Amino acid sequence: VERAIADLRERGDIFEKDGATWFESTKHGDDKDRVIIKSDGNYAYFAADIAYYRNKRHREQNPADVAIYMLGADHHGYIGRMMAMCAAFGDKPGENMQILIGQMVNVMKDGKPVRMSKRAGNVITIDDLVDAIGVDASRYSLARTDYNTSVDIDLDLLASHSNDNPVYYVQYAHARSCNVARNAADAGISADGADLSLLNTEADGEVLAALAQWPAALAQAGDLRAPHRVAHYLEDLAASYHKWYNLERVVPMELSDPENRLPEAEREAQRIAKCPEPARAAARLKLNEAVRTVIASGLDLLGVSAPDKM
């Protein structure tokens, strides 16, 4: 803190008035100057903010190019002084310092708001949430909602093992892909040298289309500071994969029309779906591997585990 204040003093942005030490933030666009050391000698909260930012951006080892702050909706009025402090250190507000405003989080149970903290009265801590639904569901539920909107966390839903639970739905897709890989290995099926032109069914195409969107979805999530885009992408990919899994096989299975009673076209479609030839099975296994890789990568970015069995 002392070094940060000394730095600003050298830059001509510190003055004394009424027994207190002030940051002349109006020079840099703030609506009024800010006390950083009160007349009783104690530091104001803003002094720590100054030191924190200076350390992030201007420390000798591993300084950050960008300092990204997530503030609550009730701290919107703090932006002016923060950006002024950024400018005072010779940085570019909005570039070297970026401030995101997050909305309130509502925790629901049985359709009603709950107060479940034993530690902090009517405040719910992250530890309370983890105790109730686990680390993965806690992280995913917060990450999948745009920070510009209020977050509603349904404890009943996020503790359930159903397709309505988004984190379970995505993790289950990964576990399924791992199970397909295990079954393929047991059947002696390998994806080496797979002919991907054989991925020509409608369900194949939907999964391929979803996979193709991953680089752009990831780039947008980073550029827009929008991690919820990763979560929503994973849910869309999982939906395409679950549909594909229910329609088509990698490991051939016995067909249900042994006496060839079905029309030839329908019988051939069933054969392609449920009893693929080795080359098509290899191509599908390759597609399965791609889904598994992308889901695991996306969950890892969100700090959520990708189980291989559920």
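In this text, all values refer to a predicted model and were calculated from it rather than measured experimentally.

Enquirer: Help me understand unusual backbone geometry, please; the structure alone is not making it clear to me.
Expert: Negative phi characterises most residues that are not glycine, and trans characterises most peptide bonds. With a phi close to 50 degrees, Asn62 is a non-glycine residue in the positive phi region. Turning to its location among the elements, Asn62 is positioned in the loop between helix H2 (45–58) and strand E4 (67–72). One non-glycine residue with positive phi stands out, namely Arg225, at about 55 degrees. If you trace the backbone, Arg225 turns up in the loop between helix H9 (214–223) and helix H10 (228–247). Residue classification places Arg225 among the partly exposed residues on the basis of a relative accessible area of 27%.

Enquirer: Before we go on, may I ask you to explain the pairing of strand E1 (residues 14–17) in this structure?
Expert: Successive residues of a regular strand alternate their side chains across the two faces of the sheet. Where E1 lies against strand E2 (residues 20–23), four bridges are found, and the strand directions are antiparallel. Note on E2: the bridge partner recorded for Lys17 is Ala20. Once E1 ends, the chain turns through two residues before running back antiparallel as E2, passing Asp18 with a positive phi of about 55 degrees.

Enquirer: Help me understand H2, please; the structure alone is not making it clear to me.
Expert: The α-helix advances 3.6 residues per turn, and as a result positions three or four apart in sequence lie on the same side. In a regular helix each residue adds 1.5 Å, so 14 residues correspond to 20 Å; H2 covers 20 Å between its end C-alpha atoms and thus fits that length. Three or more residues of H2 are buried, namely Phe46, Ala47, Ile50, Ala51, Tyr53 and Arg57. The buried residues of H2 all sit within an arc of 165 degrees when viewed along its axis, so they share a single face. Tucked inside the fold, the buried residues of H2 contact helix H1 (2–10), E2, strand E3 (34–37), E4, helix H3 (79–88) and strand E5 (97–102).

Enquirer: It is not clear to me how the pairing of strand E6 (residues 105–109) should be interpreted in this structure. Could you clarify?
Expert: In the sheet, E6 pairs with strand E8 (residues 151–154) via four bridges, with the strands oriented parallel. The partner of Asn106 across the bridge, within E8, is Asp152. Hairpin connection from E6 to strand E7 (residues 112–113): two residues lie between these consecutive antiparallel strands, with Asp110 at a positive phi of about 55 degrees.

Enquirer: Sorry if this is basic, but what is going on with the environment of Arg54 here?
Expert: Positionally, Arg54 belongs in helix H2. Along the backbone, Arg54 and Ala181 are 127 residues apart, and their C-alpha atoms lie at a distance of 50 Å. Not counting residues within four places of it along the chain, the set of residues in contact with Arg54 comprises Arg3, Ala4, Asp7, Arg59 and Phe89.

Enquirer: Help me understand helix H8 (residues 202–212) in this model?
Expert: Where H8 is concerned, the buried positions are Ala203, Asp204, Val207, Ala210 and Leu211. The buried residues of H8 occupy an angular sector of 130 degrees when projected down its axis, which confines them to one face. In H8, the exposed positions that point more than 90 degrees away from the buried face belong to Glu202 and Ala212. Buried residues along H8 sit in contact with H9, H10 and helix H12 (278–301).

So, how was this worked out
Residues numbered from 1 in each chain as written. Predicted model: local features only at pLDDT ≥ 70, side-chain atom pairs only at ≥ 80, totals over all residues. Heavy atoms only, no water. Helix = DSSP H or I, 4+ residues; strand = E, 2+ residues; numbered from the N terminus. Buried < 20%, exposed > 50% of the residue type's maximum accessible area, 1.4 Å probe, protein only. Pairing = 2+ DSSP bridges. Expected span 1.5 Å × (residues − 1). Arc of directions from axis to C-beta. Contact = heavy atoms within 4.5 Å.

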